[in-house]
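For reference, the chains in residue letters:
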Amino acid sequence: MTDSKKSDFGTGNIYLRIVRLAIPTTLAQLINVLYNVVDRIFIGHVASASMESLTGIGLALPVITILTAFANLFSMGGAPLFSMARGAGDEKRAGEVMGNVFSMLLLTGGVLAVLCFLFQRPLLYLFGASDDTFGYASAYLSLYLLGTLFVMVSLGMNPFINAQGFGLIGMLTVSIGAVLNLILDPLFIFGLHLGVRGAAVATILSQLVSALWVLRFLTGKKALIPLRKDDMKLQISLVKEIVVLGLAGFIMSITNALVQITCNTTLQRWGGDVYVSVMTLINSVREVVSMPITGMSDAAKPIYSFNYGAKKYGRLKKAIRFVVVSCVLISLVVWALVFCFPEFFIRVFNDDPTVLSLGVPALHVYFFGFFLMTLQFAGQSVFQSLGMSKRAIFFSLFRKVVIVVPLTMLLPMVGGLGSIGVFMAEPISNLIGGGACFATMLLTVYRHLGDDQG
């Protein structure tokens, strides 16, 4: 099959199209998560001060999440516009979308790196740092920020490789960097005895390689629509379209940071550094085990957008059904594994007896009803792909800001729940927020699509 036929999402078996793109997309996302998760695995097993080091990296996570949010703002806004333009046969507009996204990634990345570096001390204490953990958090974050542009380019531009049908190349983007990070982490952390600083250096070097790989492909001959200098000139009207559509992904990431901050500060008050370490561990587990679900949802986005732009609504409905059923089944399997083998998942990151004893019940509570999270992803991915940004934004805010944050602060005070109340906020939000998002998608979008077979 030629590259042009592979990238024509309006023909062929829709289920196979999704699976073929989902497998490399999921692997790419999993490997991308390993950039930071591998750091936590090695740091969590440092002979001395492993808990403080792991907590320090956990305190830096909101800043990393904020950087990711800005990458999502432009990539999740630009990639659907890019795919819809391709579906409509307008390659000139598609190229301009990609070029404008690249320029905005560089501009915002530079500004964010400087601001986060200048204000890292008050930020880290605001995020729940103590005098014992601030030094570890600052040591990691100061170096990590040097690679901000590499992060922005690799995360923000890789969706444009996937949107052209090159899922395998997209997977290699992060695979190369992740493998390098896996090699460099023990070298810098243990071999050169750099601790958390070594983890940061290994990560930014790996991200540099990933960014160079992305640029090499998008500016090369294999790209169906290459990244051109002429398309990088900012167009205010186009940037506005990208930002408006990308706000949903941006808000999802920013609210993730808000939730992380709220959890850390609340746990610091109710349980101290050890519970912040437990939350860091649980966040790490969640990032890894949710990858098959997010990978399937994200792989379907360009297919949703393409068929919506090509007015092939029957294919679009088939794709939605397939993704929802697949993701629910995957999430049920994941929930069963976490429930049955909690100690295994915790020991991957840290085998401190205190962390283990507190982490098992926290993990069970946090992941209760994990399959309900799929409903949120299903609804959000459809809204984003079809350009319905207001609905996507509303449900991003609803689940995290309206439900999770208040519950995180209030539940510890209810019935003596204490720290465990913080972990209860997640499953409750999945039930209420995820259910509302999915039901709205079914009633306002899915049922109104035509039944043609495309």
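Just so it is clear, the model here is predicted, and its values are computed rather than measured.

Enquirer: Describe in detail the overall build of the protein chain, supporting the description with residues and values.
Expert: Scanning the protein chain from terminus to terminus reveals 18 helices and zero strands. Relative to a compact globule of 454 residues, whose C-alpha radius of gyration would be 22 Å, the protein chain shows 21 Å and is just as compact. Taking the principal axes of the C-alpha coordinates as reference, the protein chain spans close to 60 × 45 × 35 Å. A buried classification covers 58% of the 454 residues belonging to the protein chain. A separation threshold of at least 6 residues defines the contact pool for the protein chain, and within that pool the share at least 24 residues apart is 83%. Distance between charge centres in the protein chain, computed from 32 positive and 22 negative side chains, equals 11 Å.

Enquirer: Describe the packing of aromatic side chains, with residues and values.
Expert: Overall, the coordinates contain 16 aromatic pairs when judged by the stated rule. Ring geometry for F82 versus F160: centroids 5.4 Å apart, planes at 90°, classification edge-to-face. Here F82 is found in helix α3 (residues 50–87), whereas its partner F160 is found in helix α7 (residues 148–162), with 78 residues between them in sequence. An identical accessibility class is assigned to F82 and F160; each is buried. Measuring from centroid to centroid gives 5.9 Å for Y140 and Y144, while their planes differ by 25°, and the two rings are stacked.

Enquirer: Account for the state of the cysteines, naming residues and giving values.
Expert: Within this structure, the stated rule accounts for zero disulfides. C263 carries a free sulfur, and the closest cysteine sulfur to it, the one in C116, is 20 Å from it. Lacking any disulfide linkage, C437 is separated from the closest cysteine sulfur, that of C327, by 13 Å.

Enquirer: Account for the packing of helix α6 (residues 134–144) against helix α9 (residues 195–218), with residues named and values stated.
Expert: The geometry of α6 relative to α9 is characterised by a closest axis approach of 8 Å and an angle of 20° between their N-to-C directions. As the angle between them shows, α6 and α9 are arranged roughly parallel. Two packed elements cross with a definite hand, and for α6 against α9 that hand is right-handed. Contact residues: Y136, A139, Y140, L143 and Y144 in α6; V196, R197, A199, A200, V201, T203, I204 and Q207 in α9. Per-class residue counts for the contact of α6 with α9 are ten nonpolar, two polar and one charged.

Enquirer: Explain the packing of helix α12 (residues 291–309) against helix α13 (residues 313–340) to me, using residue names and the numbers behind them.
Expert: Two numbers describe how α12 lies on α13: the axes approach to 10 Å, and their chain directions differ by 175°. Here α12 is positioned roughly antiparallel relative to α13, judged by the angle of their axes. Contacts from P292, I293, M296, S297, A300, Y304, N307 and Y308 of α12 reach α13 at Y313, R315, L316, A319, I320, V323, S326, C327, I330 and S331. The class makeup of the residues in the contact of α12 with α13 is 13 nonpolar, four polar and one charged.

Enquirer: How would you sum up unusual backbone geometry? Please name residues and give values.
Expert: Peptide bonds are, in most cases, trans, and in most cases residues other than glycine have a negative phi. Its identity is not glycine, yet K311 carries a phi of approximately 60°, on the positive side. Structurally, the position occupied by K311 is in the loop between α12 and α13.

Enquirer: Lay out α12 with the relevant residues and their values.
Expert: For an α-helix, 3.6 residues make a turn, and residues three or four places apart therefore share a direction. Over its 19 residues, α12 extends 27 Å from the first C-alpha to the last, a length consistent with the 27 Å expected when each residue adds 1.5 Å. Along α12, the helix axis deviates most sharply at K301, where the bend reaches about 30°; the proline P302 sits within four residues downstream. Two residues or fewer past α12, K311 is found with a positive phi of approximately 60°.

Enquirer: Pulling in residues and values, what's your account of the environment of N256?
Expert: Inspection of the secondary structure puts N256 in helix α10 (residues 236–270). Given the relative accessible area of 28%, N256 is considered partly exposed. Here the alpha-carbon distance between N256 and R20, two residues 236 residues apart in the chain, equals 29 Å. Residues contacting N256, with those up to four places away along its chain left out, are T65 and K400.

Enquirer: Now, about the pattern of salt bridges: what can you tell me, with residues and values included?
Expert: A full pass over the atoms with the stated rule returns five salt bridges. A salt bridge links K301 to D298, with the nearest nitrogen and oxygen atoms 3.1 Å apart. On the criterion of helical spacing, the pair formed by K301 and D298 is a turn pair, its members being three residues apart in helix α12. Note on K301: relative accessible area 14%, which makes it buried. Judged by its relative accessible area of 26%, D298 falls in the partly exposed class. The salt bridge partner of E426 is R399, with a shortest N-O separation of 3.6 Å. Of the two residues, E426 is situated in helix α18 (residues 420–444) and R399 in helix α17 (residues 389–410); the sequence distance between them amounts to 27 residues. Each member of the pair E426 and R399 is classed as buried.

Enquirer: Just give me the short version of the environment of F394, but keep the residues and values in it.
Expert: Note on placement: F394 falls in helix α17. Through-space distance from the C-alpha of F394 to that of S103 is 28 Å; in sequence the pair is 291 residues apart.

Enquirer: Please set out the side chain of T408 residue by residue, giving values where relevant.
Expert: The residue T408 is located in helix α17 in this model. Take T408: its relative accessible area is 1%, and that puts it in the buried class. Setting aside residues no more than four positions away along its own chain, T408 makes contact with T262, C263, T266, V422 and A425.

Enquirer: Talk me through the confidence of the model for the protein chain; I want residue IDs and the actual numbers.
Expert: When pLDDT drops low, the exact placement of atoms in the prediction is not to be read closely. Within the protein chain, residue pLDDT values average 85, and 94% of them lie at 70 or more. With pLDDT under 50 throughout, residues 1–5 is counted as low confidence; its partners more than four residues away or in other chains account for six contacts.

Enquirer: A description of the environment of S284 should follow, citing residues and the corresponding values.
Expert: On the secondary structure map, S284 appears in helix α11 (residues 273–289). Sequence separation between S284 and R40 is 244 residues; the distance between their C-alpha atoms is 8.0 Å. Ignoring anything within four residues of it in the chain, the contact list for S284 reads V37, R40 and F349.

Rules behind the numbers
- The written sequence of each chain sets the order in which its residues are numbered from 1.
- Predicted model: local features are reported for residues with pLDDT of at least 70 only, side-chain atom pairs are reported and counted for 80 or more only, and whole-chain, interface and lining totals are derived from all residues.
- Side-chain descriptors were evaluated using all non-hydrogen atoms of the structure, hydrogens and water having been removed beforehand.
- Only DSSP runs of H or I reaching four residues or more are called helices, and only runs of E reaching two or more are called strands; each is numbered from the N terminus.
- C-alpha atoms define the radius of gyration in this analysis, and the globule rule sets the expected value at 2.2 Å times the number of residues to the power 0.38.
- Buried residues are those whose accessible area, probed at 1.4 Å on protein chains only, stays under 20% of the maximum for their type, while exposed residues exceed 50% and partly exposed ones sit between those limits.
- Contacts are assigned to residue pairs with any non-hydrogen atoms lying within 4.5 Å of each other.
- His is not counted, nor are the chain ends, whereas Lys and Arg count as positive and Asp and Glu as negative.
- By convention, the point assigned to a charge is CZ for Arg, NZ for Lys, CD for Glu and CG for Asp.
- Aromatic pairs are defined between Phe, Tyr and Trp rings, using the six-membered ring for Trp, whenever the two ring centres lie within 6.5 Å; interplanar angles under 30 degrees are classed as stacked, those over 60 as edge-to-face, and all others as tilted.
- Two cysteine sulfur atoms make up a disulfide if the distance between them is within 2.5 Å.
- Only the stretch in contact is used when a helix axis is fitted, and all axes are lines through C-alpha atoms; the angle between N-to-C directions ranges over 0 to 180 degrees.
- Here the angle decides the label: under 35 degrees means roughly parallel, over 145 means roughly antiparallel, 65 to 115 means roughly perpendicular, and every other value means oblique.
- Take the far helix as your reference; a near helix turned counterclockwise from it by less than a right angle gives a left-handed crossing, and one turned clockwise gives a right-handed crossing.
- Three classes are used: nonpolar for Ala, Val, Leu, Ile, Met, Phe, Trp, Tyr, Cys and Pro, charged for Asp, Glu, Lys and Arg, and polar for all others, with Gly counted as polar.
- A helix is expected to span 1.5 Å multiplied by its residue count minus one.
- Fitting axes to the seven residues that end at a residue and to the seven that start at it, the angle between those axes gives the bend at that residue.
- Salt bridge, as applied in this entry: a Lys or Arg side-chain nitrogen positioned within 4 Å of an Asp or Glu carboxyl oxygen.
- Scored between 0 and 100, pLDDT is the confidence that the predictor attaches to each residue.

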